[in-house]
Amino acid sequence: MEKKEILIKYDVFQSIEELSPEDKNLLIKAIGAAHNAYAPYSGFNVGAAILLEDGKIVTGNNQENAAYPSGLCAERVALFAASSQNPDAIMKTIAITAYSDDFDVDTPISPCGACRQVMSEYENKQKQAIRVILMGAKSKIHIVENISGLLPFMFHADELKQNHKN
Ligand code: THU
């Protein structure tokens, strides 16, 4: 038996003012997107903004539904929009933030497992890391340099191919 350890590194910033102009601009776009969220059931408004290699920014926000599972998280709305409209573009960074009118979102948002899985799909596809910027409404900011840091032991396409018998 052997014990192993996975180390995850991330950067912590005290405020948006500490970020590079590029990251700050992306986070501002995510904040703007959160304000357009359709979240009447949770009141939890999430915004995501993705910076593509050519400088284009694609945004998304959570879209809820009276049939709850039919809704979708902000991250996947943005990721699917980015990939469907720019199938060959490299995604450099995704910024994600959330606010609520009902309570303080005072910690950086933590993307759900399904969104991490979708982010990891695109990271594996493009063979280039996607940086992730996470912020609450009034919170510190966490920056993770790749999706693998958010989803250790992720399932990816290689495993499907490996299992082919012919
Ligand atoms: N939500 C997101 O959009 N992104 C996350 O990372 C976490 C949760 C949404 C889904 C739902 O509309 C609301 O937040 C409450 O879970």
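Small disclaimer: the values here were computed from a predicted structure and weren't measured.

Caption draft 1: Region of the structure containing the pairing of strand E5 (residues 131–135). Burial of E5 is extensive: four of the five residues sit out of reach of the surface. Inspection of the sheet shows strand E4 (residues 91–100) paired to E5 by five bridges, in the parallel sense. Among the inter-strand pairings, Ile 96 is bridged to a residue of E5, identified as Leu 134. As for the winding sense of the linkage, the β-α-β connection from E4 through helix H3 (residues 113–126) to E5 is right-handed. Connecting E5 to the antiparallel partner strand E6 (residues 141–144) that follows it, the hairpin turn spans five residues.

Caption draft 2: Representation of the sheet that holds E6 in the model. The strand order E1-E6-E5-E4-E2-E3 describes an open sheet built from six strands, whose pairing is mixed. The sheet is open, and its two edges are formed by strand E1 (10–13) and strand E3 (57–61), each paired on a single side. Ignoring strand direction, the axes of neighbouring strands in this sheet form an average angle of 15 degrees. Each of strand E2 (44–52), E3 and E4 is contacted by helix H2 (residues 74–85), which is oriented at about 30 degrees to E2, the strand it contacts most.

Criteria and cut-off values
Residues numbered from 1 in each chain as written. Predicted model: local features only at pLDDT ≥ 70, side-chain atom pairs only at ≥ 80, totals over all residues. Heavy atoms only, no water. Buried < 20%, exposed > 50% of the residue type's maximum accessible area, 1.4 Å probe, protein only. Helix = DSSP H or I, 4+ residues; strand = E, 2+ residues; numbered from the N terminus. Pairing = 2+ DSSP bridges. Right-handed = clockwise from strand over helix to strand, strands pointing away. Axes fitted to C-alpha atoms, helices over the stretch in contact; angles between N-to-C directions. Contact = heavy atoms within 4.5 Å.

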